[in-house]
Every structure is written in C-alpha cells, then in structure tokens.
Amino acid sequence: MFKFLHTADLHLDSPLVGLIRYPGAPVEQLRNATRQALENLVDFAITEQVAFVLIAGDLYDGDWKDYHTGLFFVSQMLKLREAGVKVFIVAGNHDSASNLTKRLRMPENVKMFSDKKPETEILQDLGVAIHGQSYRSRVVTEDLSANYPQRLSGLFNIGLLHTSLDGRPGHEPYSPCSLDALISKGYDYWALGHVHKRELINEKPLILFPGNIQGRYIRETGPKGCTLVTVQDGRVLFADHKNLDVLRWSLCEVDSSGADSCHSIVNHVLSTLEGELARCDDLPLAVRIRIHGPCRAHGEISRDIDKWTNEIRAAANDLSGGKIWVEKILFQTQAIADLNEMLARDDAFGSLLRGIQDLSTNEELLSKIATEFRDLYYKLPPEVREGDDAIDLAAPKTFSCAIEEVKQLLITRLLFRAGEAQ
C-alpha cells in the first residue's frame, strides 16, 4: 500500500488585481495565503508519509517580478526531498508564460515533464507509471492527452494533465479532451488540473480535478485543498479531500423580502454571517453580501447606500471580532409596488417607464448599444476591464442590468414623492 497527493493550480503569489480598491482589504494576508496553503500541503504530505506529490499545472500566476516566488517554491520542495517525497509536475498555461520559471533549477526530487512530447516516469519500487506533458505556450488548443501512451501492463498507471476537459465555465478551453478518450487509455487514475473547483469526473477509473489550494477572490468560494489517494494491490482504496486554505471566500445571499426597515435587513445579514462562521473551519472569512428582494426598506437604502454599507461592515466586524472582512455589499432590493399599475399610468412617468421597459427587453437594440460602446471599452484602463468586477461594455447584459437599476430608481423616487417610501 502507498499514498500520494494530487494537487493543482497553486498560483503562488497571485497578484490579486484590483483588491487594493476595497476598503480595509487585508491585502498582505490575502497575498501570503497561497504560500501558507503550500506550506500546509507540504506539511500534510510529510505527516501522511506519501510516496509522491502530483502537481497538475499552474504553480505560478504568470511571470514573476523577481525570483522570490520561485525560490519559495524550491524551498518547499527541498522540505519534501528531506522527507523522501518525490514530486511530479506538468506546467500549465500560467507556468508557460514565465521565462524565469524555465530558468529556475529544481531539486533532484522534482520531475518537470517535457513540453515537447509525453513522457513516462516509472517508479519500480511502487509499481507505478506516471504519464505527463507540460504546456509549451500559454495557449494550448490541441488535445495533449491524445499522444499519451496506452497503459503499461502490470503497473498502476497515472495520467497527469492540465486541461479544460470538455469545457468548464470561467476557464479557458485549453487542451480540450473527452472523458471517453481519457478512459480509453486504460489508466487507473487521471490527475487533472486547470479547473479551480473540486470535481469528481469519473469513479472507475478515478478522474478528478482537486481544485486549487487557496481561494483568491469571490469566484473561488468554499473549502480549497488537495486530494489524498491511497492505493493497495493496484487499485484506489480512498481519494479524500484535505482542506489546505488559510482564508475562505464566501458569497452570502440575504433575502430581504418583506423587510420593513433597514435595521431588520442588518439583522438578516448578521444571522447569515453567523451561519457562515459556523461552517468556515475557524478560518478568517472574506465575504461578499448580496441583499435582494422587494421590501419597504428599499427607499431608505437607496437614498443612503454608503450609510448602510458601513452599518453592515461595522456590525459584521463586531460579530466576528475582526474575523470577517466584507469585500463588497451588493444592494439589489426592489421597491414594493404594482409595476403593471405604474406602467398603465397616463402621464409622463408612465410613458417613461414603458419606454424603459421596452428597451430592457429589446435584444436587438441592446446589442446595438453594446456595439456603440465597444470602442470606449477598449480605452478603459486594464484594472477596470479585467478581474471579477470588470465592466464589460461589449455585453448587452451590462446594459440590461443598468436599465433595471434605472427603473427601480424611478419607481423609488415616485413612491418617495408620494409619501409611500419607507
């Protein structure tokens, strides 16, 4: 019997683009999180006495400013060498973008697979064959696995591959391949990387993405870590997820429907955050809060969003003793109103509202608007066009959302003037 770790997408020293824009952001804590998660992985590998570690691509996050990132990785590999643990790596799309990566010398316990063609490493003492190929460039559109050899008889065969498989939302379609094609190789285990959410693709043979080891922004919520695989008599006994993250991201949905005051909404938020704290394995939390639903408090919130944003931040800080950082609060509440009645009004407001309503459902017109704004989009600074909060002026959905916000603003103003806003 032997054990190995399967990990991927370390993204050491990820630059955390745009994070500095958020008030109170624990920038250094977030910036060091990927390093601490790797240290957790190395410590776990040594504690479990694994025979080897598989890294399925994206050690880094593109080119480094200097060698410090690479030297930190090497220092962790040296710890594994002292413990007698071998490491097998395929370079992913982010690794291939780094010139420094290609020049950094790795310890002798680390094997980086060739980017020219598939290679096979045989561990005779364990009866294991590991097949892999690295990316030669950042964009790889061909199926690298197609040239991987068929299984070697009498050995436990592992395929190490950085791939989008048959496509995953939010991930570039690099080295695409099919599940049937992977199974046809006859391997006992496929160690995949590139997709940042843990996903079991197939049970026999076992094919999975372990996810990344540390969430870096709001699209990477929930526990993050690696997979510990136990093999006996040529078959997988267990494949268990192990959390490695040191800070957790969470998207908190708060339904404000029926809330009659802003203080009631704050209480709903705190109740939701209490639940998140109970599930976070005692880790610090970075949360985004989305408050939605029709409520009487909509008018009061709309008139002073800054006030209620800071009220919620202060309450969250008090609740957690500083353990929660509220990254952003999205107020998507709506006024309690009869929209059909307002659309039927025979006055200027009704006419304006009908025009807005028609615009929001006219896909052809929305596409034309997006086309008009496309040139402006490419003139925007990179920090506005990239990342989780990017403004995509070329997408019709951007304008349909903006139109909905205008509609809600008009309804709120009308209700407030009529003395009905709360």
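Residue numbers restart at each chain and count upward from 1, following the sequence in its written direction. Local features are withheld for residues below a pLDDT of 70 in this predicted model, meaning they are given only at 70 or higher, and side-chain atom pairs are given and counted only at 80 or more; totals for whole chains, interfaces and linings count all residues. Only hydrogens and water are removed before side-chain values are computed, so all heavy atoms of the structure are retained for them.

Undergrad: Now, about the pattern of salt bridges: what can you tell me, with residues and values included?
TA: The working definition used for a salt bridge is a side-chain nitrogen of Lys or Arg within 4 Å of a carboxyl oxygen of Asp or Glu. Within the structure shown, the criterion is met by 16 salt bridges. The salt bridge partner of Asp 188 is Arg 151, with a shortest N-O separation of 3.3 Å. Of this pair, Asp 188 sits in the loop between helix H5 (179-184) and strand E8 (189-193) while Arg 151 sits in the loop between strand E6 (128-132) and strand E7 (156-162), placing them 37 residues apart in sequence. Exposure categories follow from relative accessible area, calculated using a 1.4 Å probe and restricted to protein chains: below 20% of the type maximum is buried, above 50% is exposed, and the middle band is partly exposed. What makes Arg 151 partly exposed here is its relative accessible area of 32%. Notably, a salt bridge pairs Asp 282 with Lys 323, separated by 2.5 Å at the nearest N-O pair. Elements are defined by DSSP. Helices are runs of H or I of four residues or more, strands are runs of E of two residues or more, and each kind is numbered from the N terminus.

Undergrad: Outline the pairing of strand E2 (residues 52-55), listing residues and values.
TA: What you see with E2 is no split at all: Phe 52 and Leu 54 on one side and Val 53 and Ile 55 on the other are buried throughout. Any two strands between which DSSP finds at least two bridges are classified as paired. Bridge count for strand E1 (residues 2-7) against E2 is four bridges, and the pairing is parallel. Counted as the bridge partner of Leu 5 is Val 53 from E2. Pairing analysis gives four bridges linking E2 to strand E3 (residues 86-89), with the strands arranged parallel. Counted as the bridge partner of Leu 54 is Phe 88 from E3.

Undergrad: I'd like a rundown of the packing of aromatic side chains, residues and numbers included.
TA: Between the rings of Phe, Tyr and Trp (Trp by its six-membered ring), a pair exists once the centres lie within 6.5 Å; its type follows the angle of the planes, with under 30 degrees stacked, over 60 edge-to-face, and the other angles tilted. With the rule as written, the count across this model stands at nine aromatic pairs. Measuring from centroid to centroid gives 5.0 Å for Phe 4 and Phe 52, while their planes differ by 10°, and the two rings are stacked. Of the two residues, Phe 4 is situated in strand E1 and Phe 52 in strand E2; the sequence distance between them amounts to 48 residues. The pair Phe 4 / Phe 52 is uniform in exposure class, with both members buried. Judged by centre distance (5.9 Å) and plane angle (80°), the rings of Phe 52 and Phe 88 are edge-to-face. Taken together, the residues span a long stretch of sequence, with Phe 52 in strand E2 and Phe 88 in strand E3 at a distance of 36 residues. Through a chain of ring-to-ring contacts, three or more aromatic side chains come together here, namely Phe 2, Phe 4, Phe 52, Phe 88, Phe 156 and Tyr 189. The side chain of Arg 35 reaches across the aromatic face of Phe 72, ending 4.6 Å from its centre. Look at NZ for Lys and CZ for Arg. If either is within 6 Å of the ring centre and within 35 degrees of the ring normal, a charge sits over the ring.

Undergrad: I'd love a proper account of the confidence of the model for the protein, names of residues and values included.
TA: Across the protein, pLDDT averages 85, with 80% of residues at or above 70. What pLDDT reports is the predictor's confidence in each residue, on a scale of 0 through 100. The contact definition used throughout considers only heavy atoms, calling two residues in contact when any of these lie within 4.5 Å. This stretch, residues 418-422, has a pLDDT under 50; its non-local contacts, to residues over four places away or in other chains, come to nine contacts.

Undergrad: Please set out the side chain of Thr 230 residue by residue, giving values where relevant.
TA: Mapping Thr 230 onto the fold places it in strand E11 (residues 225-232). A relative accessible area of 8% places Thr 230 in the buried class. Not counting chain neighbours up to four residues away, the residues in contact with Thr 230 comprise Met 1, Phe 2, Lys 3, Arg 235, Val 236, Leu 237 and Phe 238.

Undergrad: Kindly report on the packing of helix H1 (residues 27-47) against helix H2 (residues 68-82), identifying the contributing residues and their values.
TA: Only the stretch in contact is used when fitting a helix axis, every axis being a line fitted to C-alpha atoms; angles between N-to-C directions are given from 0 to 180 degrees. Contact geometry of H1 with H2 gives a least axis separation of 9 Å together with a crossing angle of 15°. One element, H1, and the other, H2, form an angle in the roughly parallel class. Here the hand of the crossing between H1 and H2 comes out right-handed. Only His 68, Thr 69, Phe 72, Phe 73, Gln 76, Lys 79 and Leu 80 of H2 make contact with H1, whose side of the interface consists of Arg 35, Leu 38, Glu 39, Val 42, Asp 43, Ala 45 and Ile 46. Roughly parallel covers angles under 35 degrees, roughly antiparallel covers those over 145, roughly perpendicular covers 65 to 115, and oblique covers all other angles. Here is the rule for handedness: rotate from the far helix to the near one, and if that takes an anticlockwise turn smaller than a right angle the crossing is left-handed, while a clockwise turn gives right-handed.

Undergrad: Describe the environment of His 68, with residues and values.
TA: Checked against the element boundaries, His 68 lands in helix H2. Along the backbone, His 68 and Asp 13 are 55 residues apart, and their C-alpha atoms lie at a distance of 9.6 Å.

Undergrad: How would you sum up H1? Please name residues and give values.
TA: Since one α-helical turn is 3.6 residues long, residues separated by three or four positions face the same way. Counted at 1.5 Å a residue, the expected span for H1 with its 21 residues is 30 Å, and the 30 Å between its end C-alpha atoms agrees. The seven residues ending at a residue and the seven starting there each receive a fitted axis; the angle between those axes is the bend at that residue. Maximal helix bending in H1 amounts to about 40°, located at Ala 33. Among the residues of H1, those classed as buried are Val 27, Leu 30, Ala 33, Thr 34, Ala 37, Leu 38, Leu 41, Val 42, Phe 44 and Ala 45. One or two steps after H1, the chain reaches Gln 49, where phi turns positive at roughly 55°. Every helix has an expected span of 1.5 Å times one less than the residues it contains.

Undergrad: Got a sec to walk through helix H6 (residues 262-278)? Specific residues and values, please.
TA: The end-to-end C-alpha distance of H6 is 25 Å, a good match for the 24 Å that 17 residues give at a rise of 1.5 Å each. Those residues of H6 that sit buried are Cys 262, Ile 265, Val 266, Val 269, Leu 273 and Glu 276. Taken down its axis, H6 places every buried residue within 100° of arc, on the same side. Residues His 263 and Ala 278 are exposed on H6 and point more than 90 degrees away from its buried face. Regarding the arc, it is the one traced by the directions from the helix axis to the C-beta atoms.

Undergrad: Quick rundown of the nonpolar core? Include the residues and the values.
TA: We define a nonpolar core as any set of buried Ala, Val, Leu, Ile, Met, Phe, Trp, Tyr and Cys residues linked to one another through side-chain atoms lying within 4.5 Å. Within the largest apolar cluster, 28 residues are counted, with the highest numbers of intra-cluster contacts made by Leu 5, Leu 38, Val 53 and Phe 73. Elements with a minimum of two residues in this core: H1, E2, H2, E3 and E11. In terms of residue count, H1 provides more of this core than any other element does, six residues in total. Leave out the neighbours within four places in its chain, and Leu 38 touches Leu 10, Leu 12, Phe 72, Phe 73, Gln 76 and Ile 213. Of all hydrophobic cores here, the second largest spans 24 residues; its members include Cys 280, Val 287, Ile 312 and Ala 316.

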